[in-house]
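# A look at the structure
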Amino acid sequence: MDDQVAQVVAICETTPNIAKKLLEQCGGDVATAVEIGLNGGLQHFHGGGGGGLDASSAAGAGAPGNQYSLPGGVDSEGVRAPILARADTLLGSDDDFYHHGAMPPHRFTRSAAGPTRIDPFLNAAREPQGGEGRGGGEAASKRISLEQLFRPPLHLLYMGEFDAAKRDGARARKWLVVNIQDPHTFACQVLNRDVWKDQRVEKLVDRSFLLWQRQLDSAEALTYADRYGQIKTYPHVAIVDPRTGERVVWWEGEMGAEVMFDRATQFLRDHRMEETKESIQDRRRRVQKVGQDEEDAMLAAAIAASLQEAPEATKGGSGSGSGS
């Protein structure tokens, strides 16, 4: 519960006490609590009402039709206050959602199991500026700021398919960084906000890596999991050799900018991209040849030692026979 409270506090810029009450009214659902908090719901926790919702308001907050706004209280006769009017834009067709705005179409692919889940922080391109189309006000601008804060590092992302990323990475002599995200895991949003946009990490990735990021249930992410093994914890970050397709290292779970920078720097110290695929194979053959040479040398030394011991044993045996 403390982690959920911290998420609501960070996103909605409120106090832990109010965040906890809001989560209680939403059944512990962080996504619903954040949505309500960013759309004016926090005002019902301030003032003389004890900081909470009454029974009818709580019931209304959980209703499907009222998930974006909280109804008012009730008067002395038990009549609920009217819900405030709200202006918004209805979502168009699936194609309109997946292909609208600055995000390339392949970022929102469908898997065999159904459409990709919507990342609540990836829709900044659809948001009207200055509150237009959403009724205006502080809630709309805060929503826009939130999506801009957690949006992926578009200037670093490689937008092509995985195999194309390997080809281009090998051509540019850059390692391929694979990042599989669960948009409903807050650690993944933190990775976009704090890690990929960190100045040192950003420069390092731009200079030595290609960053390939996908959502966990996209067709390409599922293919990646089939090829390299199922992912247990998100976010998943791996470094793949673009020349051979080998997944050299990988990490899963929460990680900060400092940790990511240290890991990537150490990786670059331990691995060289200057080698070609042929040189890697040559190096492996040289290692195998050295091992074979060492084995042959050890065998020759053992044979020589055995031959030296044989005459001494023969001499000792003949001497004993003459003395008897």
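The structure under discussion appears in the preceding block.
This is a predicted model, so every value here is computed, not measured. (Residues numbered from 1 in each chain as written. Predicted model: local features only at pLDDT ≥ 70, side-chain atom pairs only at ≥ 80, totals over all residues. Heavy atoms only, no water.)

## Brief notes about the overall build of the protein chain
Secondary structure summary: the protein chain contains twelve helices and four strands in total. Put simply, the protein chain has 324 residues, and 39% of those count as buried. Carbon and sulfur atoms make up 52% of the accessible area of the protein chain, which totals about 18,100 Å². (Helix = DSSP H or I, 4+ residues; strand = E, 2+ residues; numbered from the N terminus. Buried < 20%, exposed > 50% of the residue type's maximum accessible area, 1.4 Å probe, protein only. Areas by Shrake-Rupley, 256 points an atom, 1.4 Å probe, with all protein chains shown as cover.)

## Observations concerning unusual backbone geometry
Omega for the bond connecting Tyr234 with Pro235 falls within 30 degrees of zero, at 5°, which places this linkage in the cis form. Along the chain, the position of Pro235 falls in the loop between helix 10 (219–228) and strand 3 (236–240). Its identity is not glycine, yet Arg173 carries a phi of approximately 55°, on the positive side. Along the chain, Arg173 turns up in the loop between helix 7 (162–172) and strand 1 (175–181).

## Focus on the packing of aromatic side chains
The final tally for this structure, using the stated rule, is six aromatic pairs. Ring geometry for Phe162 versus Trp212: centroids 5.2 Å apart, planes at 65°, classification edge-to-face. Highlighted residues: Phe162 in helix 7 and Trp212 in strand 2 (residues 209–215), separated in sequence by 50 residues. Across the pair, Trp212 and Phe162 agree in class, each one buried. The rings of Phe162, Trp212, Tyr224 and Tyr228 are connected pair by pair, giving a single aromatic cluster. (Phe/Tyr/Trp six-rings, centres within 6.5 Å; stacked < 30°, edge-to-face > 60°.)

## Remarks on the pairing of strand 1
Summarising burial for strand 1: seven of the seven residues are buried, a large majority. Side-chain alternation along strand 1 places Trp175, Val177, Asn179 and Gln181 on one buried face and Leu176, Val178 and Ile180 on a second face that is also buried. With seven bridges connecting them, strand 1 and strand 2 associate as parallel partners. Its bridge partner being in strand 2, Ile180 is matched across the sheet by Arg214. Direction of pairing for strand 1 relative to strand 3: antiparallel, over a ladder of five bridges. Note on strand 3: the bridge partner recorded for Ile180 is His236. (Pairing = 2+ DSSP bridges.)

## Here's the deal with the sheet that holds strand 1
Read from one edge of the open sheet, four strands run 2-1-3-4, paired in mixed fashion. The open sheet is flanked by strand 2 and strand 4 (247–252), the only strands paired with a single partner. Averaged over neighbouring strand pairs, the angle between their axes works out to 15° when direction is ignored. Taken strand by strand, helix 7 contacts strand 1, strand 2 and strand 3, and its axis lies near 175° from that of strand 2. Across the sheet, helix 10 touches strand 1, strand 2, strand 3 and strand 4, and the angle it forms with strand 2 is around 110°. (Axes fitted to C-alpha atoms, helices over the stretch in contact; angles between N-to-C directions. Contact = heavy atoms within 4.5 Å.)

## Some remarks on the nonpolar core
Proteins that are soluble and globular tend to have nonpolar side chains buried together. Of all hydrophobic cores here, the largest spans 23 residues; its most connected members are Trp196, Val201, Phe209 and Val237. For this core, the secondary-structure elements that each account for two or more residues are strand 1, helix 8 (186–195), helix 9 (199–208), strand 2, strand 3 and helix 11 (257–270). Looking at this core element by element, the count peaks at five residues for helix 11. Leaving out residues up to four positions away in the same chain, Trp196 has contacts with Pro153, Leu156, Val177, Asn179, Leu191, Val201, Glu202, Val205, Leu211, Gln213, Val237 and Met260. (Core = buried A, V, L, I, M, F, W, Y, C linked by side-chain atoms within 4.5 Å.)

## Observations regarding helix 10
Within the span of helix 10, buried status applies to Glu220, Ala221, Tyr224, Ala225 and Tyr228. For helix 10, the arc enclosing every buried residue in end-on projection is 140°, short of the 170-degree limit, so these residues lie on one face. Check the buried side of helix 10 and you find it contacts helix 7, strand 1, strand 2, strand 3 and strand 4. (Arc of directions from axis to C-beta.)

## What to know about the packing of helix 1 (residues 2–12) against helix 2 (residues 16–25)
Where helix 1 meets helix 2, the closest approach of the two axes is 9 Å, and the angle between their N-to-C directions is 115°. It follows from the interaxial angle that helix 1 and helix 2 lie roughly perpendicular. Once helix 1 is placed against helix 2, the crossing between them reads as right-handed. Residues Gln4, Val5, Val8 and Val9 of helix 1 touch helix 2, and the partners they reach there are Pro16, Ala19, Lys20, Leu22 and Leu23. (Parallel < 35°, antiparallel > 145°, perpendicular 65-115°, else oblique. Left-handed = near helix turned anticlockwise from the far one by under 90°.)

## Concerning helix 3 (residues 30–38)
With seven of its nine residues buried, helix 3 lies for the most part within the structure. All of the buried residues in helix 3 are Val30, Ala33, Val34, Glu35, Ile36, Gly37 and Leu38.

## Description of the pattern of salt bridges
If the charged atoms of two oppositely charged side chains come close together, the side chains can form a pair. Enumeration over the complete set of coordinates arrives at seven salt bridges. The partner of Asp168 in a salt bridge is Arg171, and the shortest N-O contact between them spans 2.6 Å. Of this pair, Asp168 and Arg171 both sit in helix 7, three residues apart, roughly one helical turn. The partner of Asp241 in a salt bridge is Arg243, with the nearest N and O atoms 2.8 Å apart. Note on Arg243: relative accessible area 14%, which makes it buried. Connected via shared salt-bridge partners are Asp163, Lys166 and Arg227. (Salt bridge = Lys/Arg side-chain N within 4 Å of Asp/Glu carboxyl O.)

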